[in-house]
Amino acid sequence: MHRFANPARFLKIARPLTGWLFWPGLSLILAGCFCGLFVTPADYLQGETVRILYIHVPAAWLGMAGWSGIAVAALMQLVWRHPLASIAGRALAAPGALFTAICLATGSIWGRPTWGTWWEWDGRMTSMLVLLFLYLGYIALANASARQGQGGVSAVTAIFGLVGAINIPIINRSVVWWNSLHQGPSITLRGSSIDGSLLWPLGLTFLGFSLLFGAIVLMRMRTLLARNKIEARMQRLARG
Amino acid sequence: MNQWAFVAAAYALALLATATVIVLSWRAMREAEGQAEDRPRP
Amino acid sequence: MKAKHQRLILALAALAALIGAGLLAASALKDEAAYFYAPADVKAKGVEPGKAIRLGGMVVKGSLRRAADGVTIHFDVTDGKARVPAIFSGIAPDLFREGSGVVAEGAFDTKGTFVATNLLAKHDERYMPRELEGMQYDEKTHQMKAGQ
């Protein structure tokens, strides 16, 4: 695991990988959105608004995956003192918050014509809003407790990331544990209750947004590493 | 109610927000990496 | 014991405690955080008349009637176990229909009828194109098949 601890070695892979993730990701998103908007049929009950699904679901997945990543990075930072882990945790926060916000916004836009309300305090929506606040708290804490010359997050921030992970299984199970306005899971390990003719563009946007998410995280990690380097040089100059 | 208005709003919002974060991340990265690669001024 | 192992055990113990606490809190919240009452909950626990609650379930097929005034609708809500009559005056959402999910905000009157002040359509997890309307998702085979 420590093979990539050396930033130079990490960057050697991260530099080309950024583009390899970005361009296929963007192409898949555009293809998926086009197909989802113009190719697939409308839902029998919801009508055209079903198309919001193709961005809502990947956004929900990435919002939750982002925090799972923060928790794993925090564990690696606290236990193994992996030097890149704290950088990765910090780089994950902004895109994670972005997709959580997109998930909430698109869900709200879908809820108005479908349910007849923009917002209700049911288990799924409330726990997802909590996730957004956790992200904002994490970002604020990371910025407030950042030390000079250390691009990553402080130990306190990492612990916050670990503690906040408890919300992830709660979001996932919220529609099962509690009577909620939000429908139950459509896609489970046993199959999908979304008809195949409506489902397939979701695969494109799901993969596309995931690749794009990876590209954003890599860009932000590279930014933090470069700033570390600048900071280190400034200190050398100041001492010299 | 026009359903397409809701669909268009959702897509526009999501894609605009994503594009904004990408552009900001990209610009920050270019700037930081550019500075890091510069030879230190004498 | 190496410091690394100590930290690992500490972190895992903290994580286990957290997950335990979270699950405990969630299960304690199980009733409180329920967004709505199902008809079976109402029958089992009893809800006093006049208390503002949400009632959720399916609109019973064939139960939807429009009163003479044209704005009041009568319908029954069921969760498969119990059935509760409900009444609503106003504009129902587009997706409100028989055999579909509904969440009604309001309170019971003294006769046990739920007087709704607001209706929300609850969508279920099935998505399909219009050609397939009337088909049912089969839980066992994961295929769409002709419904009742």
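Residues numbered from 1 in each chain as written. Chains lettered and ligands numbered in written order. Predicted model: local features only at pLDDT ≥ 70, side-chain atom pairs only at ≥ 80, totals over all residues. Heavy atoms only, no water.

## Describing the overall build of chain B
The condition that has to hold: Here a helix means four or more residues in a row that DSSP labels H or I, a strand means two or more in a row labelled E, and each is numbered from the N terminus. The classification of residues rests on relative accessible area computed with a 1.4 Å probe and restricted to protein chains. Under 20% of the type maximum is buried, over 50% is exposed, and intermediate values are partly exposed. Where accessible areas are quoted, they stem from the Shrake-Rupley method and a 1.4 Å probe; at the residue level, only the protein chains shown are allowed to cover.
Looking only at helices and strands, chain B has one helix and zero strands in total. Looking at chain B as a whole, 31% of its 42 residues are labelled buried. Counting only carbon and sulfur atoms, one obtains 63% of the accessible surface of chain B, whose full area is about 2800 Å².

## Here's the deal with the interface of chain B and chain A
Rules: We call two residues contacting when some pair of their heavy atoms lies within 4.5 Å. Each of two parts loses accessible area, computed with a 1.4 Å probe, when they are put together; buried area is these two losses added. Each reported salt bridge corresponds to a side-chain nitrogen of Lys or Arg within 4 Å of a carboxyl oxygen of Asp or Glu. The term polar contact refers here to a pair of N or O atoms within 3.5 Å; inside protein, the definition further demands a hydrogen-donor-capable atom paired with an acceptor-capable atom, and it admits residues adjacent in sequence only when both atoms are side-chain atoms. When residues are sorted by character, Ala, Val, Leu, Ile, Met, Phe, Trp, Tyr, Cys and Pro go into the nonpolar class, Asp, Glu, Lys and Arg into the charged class, and all the rest, Gly among them, into the polar class.
Listed as interface residues are 25 residues of chain B and, on the opposing side, 34 residues of chain A. A buried area of about 2900 Å², summed over both sides, lies between chain B and chain A, and 75% of it is on carbon and sulfur atoms. When the area that chain B buries against chain A is broken down by residue, the three leading residues are B:Trp4, B:Phe6 and B:Tyr11, summing to 22%. Counting across the interface, chain B meets chain A through four salt bridges. Here B:Glu37 ties to A:Lys229 by a salt bridge, and the two come within 3.6 Å at their closest N and O atoms. For the interface between chain B and chain A, the tally reads eight residue pairs in polar contact (both at pLDDT 80 or more). Within the side of chain B that touches chain A, the residues separate by chemical class into 18 nonpolar, four polar and three charged.

## Observations regarding the UniProt feature "transmembrane region" (unreviewed entry) in chain A
All names here are of chain A. Stated formally: UniProt positions are given in the numbering used here, feature names are shortened, and annotations may be inferred rather than shown by experiment.
Here, the residues flagged by UniProt with the feature "transmembrane region" (unreviewed entry) are residues 20-39, 59-80, 92-111, 123-141, 153-178 and 198-219. Segment residues 92-111 splits into 100% helix and 0% strand. End C-alpha atoms: 28 Å apart. Counting secondary structure, residues 153-178 comes out at 81% helix and 0% strand; the distance between its end C-alpha atoms is 35 Å.

## Side note on the interface of chain C and chain A
At the junction of the two partners, chain C supplies 44 residues and chain A supplies 44 residues. With both chains or domains summed, chain C and chain A bury close to 3900 Å², and 60% of this area falls on carbon and sulfur atoms. If you sort the residues of chain C by the area they bury against chain A, C:Tyr35, C:His123 and C:Tyr127 come out on top, with a joint share of 19%. Residues A:Glu120 and C:Arg54 are paired through a salt bridge, measuring 3.4 Å at the closest nitrogen-oxygen approach. Joining chain C to chain A, the criterion identifies four residue pairs in polar contact (both at pLDDT 80 or more). Elements supplying a minimum of two residues to the side of chain C that touches chain A: α1 (3-29), β5 (101-108) and β6 (114-122) of chain C.

## Considering the packing of helix α3 (residues 85-115) of chain A against helix α1 (residues 3-37) of chain B
Heads up, the condition is: Axis geometry follows a simple rule: fit a line to the C-alpha atoms, using only the stretch in contact for helices, then measure angles between N-to-C directions, giving values from 0 to 180 degrees. Orientation categories follow fixed angle ranges, with anything under 35 degrees roughly parallel, anything over 145 roughly antiparallel, 65 to 115 roughly perpendicular, and all other angles oblique.
Running from N to C, α3(A) and α1(B) point in directions that differ by 170°, and their axes come no closer than 9 Å. On the basis of the axis angle, α3(A) is roughly antiparallel to α1(B). Together, A:Leu98, A:Phe99, A:Ile102, A:Ala105, A:Thr106, A:Ile109, A:Arg112 and A:Pro113 of α3(A) and B:Phe6, B:Ala9, B:Ala10, B:Leu13, B:Ala14, B:Ala17, B:Thr18 and B:Val21 of α1(B) make up the contact between the two elements. In terms of residue class, the contact of α3(A) with α1(B) is built from 13 nonpolar, two polar and one charged.

## Some remarks on the packing of aromatic side chains
Note the cut-off: Aromatic pairs are defined between Phe, Tyr and Trp rings, using the six-membered ring for Trp, whenever the two ring centres lie within 6.5 Å; interplanar angles under 30 degrees are classed as stacked, those over 60 as edge-to-face, and all others as tilted.
Summed over all chains, the structure comprises 14 aromatic pairs over all chains. Geometrically, the ring pair formed by A:Phe99 and A:Phe213 is tilted, given 5.9 Å between the ring centres and 50° between the ring planes. Here the residue A:Phe99 occupies a position in helix α3, and A:Phe213 occupies one in helix α7 (residues 196-239), the gap between them amounting to 114 residues. The pair formed by A:Phe99 and A:Phe213 is uniform in burial state, with each residue classed as buried. Measuring from centroid to centroid gives 6.1 Å for A:Trp118 and B:Phe6, while their planes differ by 45°, and the two rings are tilted. With A:Trp118 in the loop between α3 and α4 (123-144) and B:Phe6 in helix α1, this pair bridges two chains. By the ring-pair criterion, three or more aromatic residues cluster together here, those being A:Trp67, A:Tyr135, A:Tyr138 and A:Phe160.

## Looking at the packing of α3(A) against α4(A)
When two helices pack together, their arrangement is given by the angle between their axes and by how far apart the axes lie. All names here are of chain A. Note the threshold: If you view the pair so one helix is near and one far, a crossing is left-handed when the near helix is turned anticlockwise from the far one by less than a right angle, and right-handed when it is turned clockwise.
One can describe the packing of α3 onto α4 by two numbers: an axis separation of 9 Å at closest approach and a directional angle of 155°. The angle between the axes of α3 and α4 places the two elements in the roughly antiparallel class. As for the relative orientation of α3 and α4, their crossing is left-handed in sense. From α3, Gly-89, Arg-90, Leu-92, Ala-93, Ala-94, Gly-96, Ala-97, Thr-100, Ala-101, Cys-103, Leu-104 and Trp-115 reach across to α4, where they touch Met-125, Met-128, Leu-129, Leu-131, Leu-132, Tyr-135, Tyr-138, Ile-139, Ala-142 and Asn-143. Each residue belonging to the contact of α3 with α4 can be placed in one class, and the counts come to 17 nonpolar, four polar and one charged.

## Observations concerning the environment of A:His182
Relative to the elements of secondary structure, A:His182 occurs in the loop between α6 (167-177) and β1 (187-188). Classification of A:His182 by relative accessible area gives buried; the value is 16%. For the pair A:His182 and A:Gly123, spaced 59 residues apart in the sequence, the C-alpha separation amounts to 8.2 Å. Excluding its chain neighbours within four sequence positions, the residues that come into contact with A:His182 are A:His56, A:Trp115, A:Asp122, A:Arg124, A:Met125, A:Val175 and C:Lys122.

## Quick notes on the environment of C:Phe36
Counting through the fold element by element, C:Phe36 comes out in the loop between α1 and α2 (39-45). As for C:Phe36 and C:Lys122, which are separated by 86 residues in sequence, their C-alpha atoms are 11 Å apart. Once you skip the residues sitting within four places of it in the chain, C:Phe36 turns out to touch A:Asn179, A:Ser180, A:Leu181, C:Arg54, C:Leu55, C:Gly56, C:Val103 and C:Lys122.

## Here's the deal with unusual backbone geometry
The phi dihedral of A:Arg81 is positive, around 55°, even though this residue is not glycine. With respect to the secondary-structure elements, A:Arg81 resides in the loop between α2 (53-79) and α3.

## Regarding the arrangement of the chains
Counting contacts across all two pairs of chains found in contact, the highest total belongs to chains A and C. What separates chain B from chain C at the closest point of their C-alpha atoms is a distance of 9 Å, and the two make no contact.

## Quick look at the pattern of salt bridges
Counting across every chain of the model gives eight salt bridges over all chains. Across the salt bridge formed by C:Asp76 and C:Arg83, the nearest N and O atoms sit 2.9 Å from each other.

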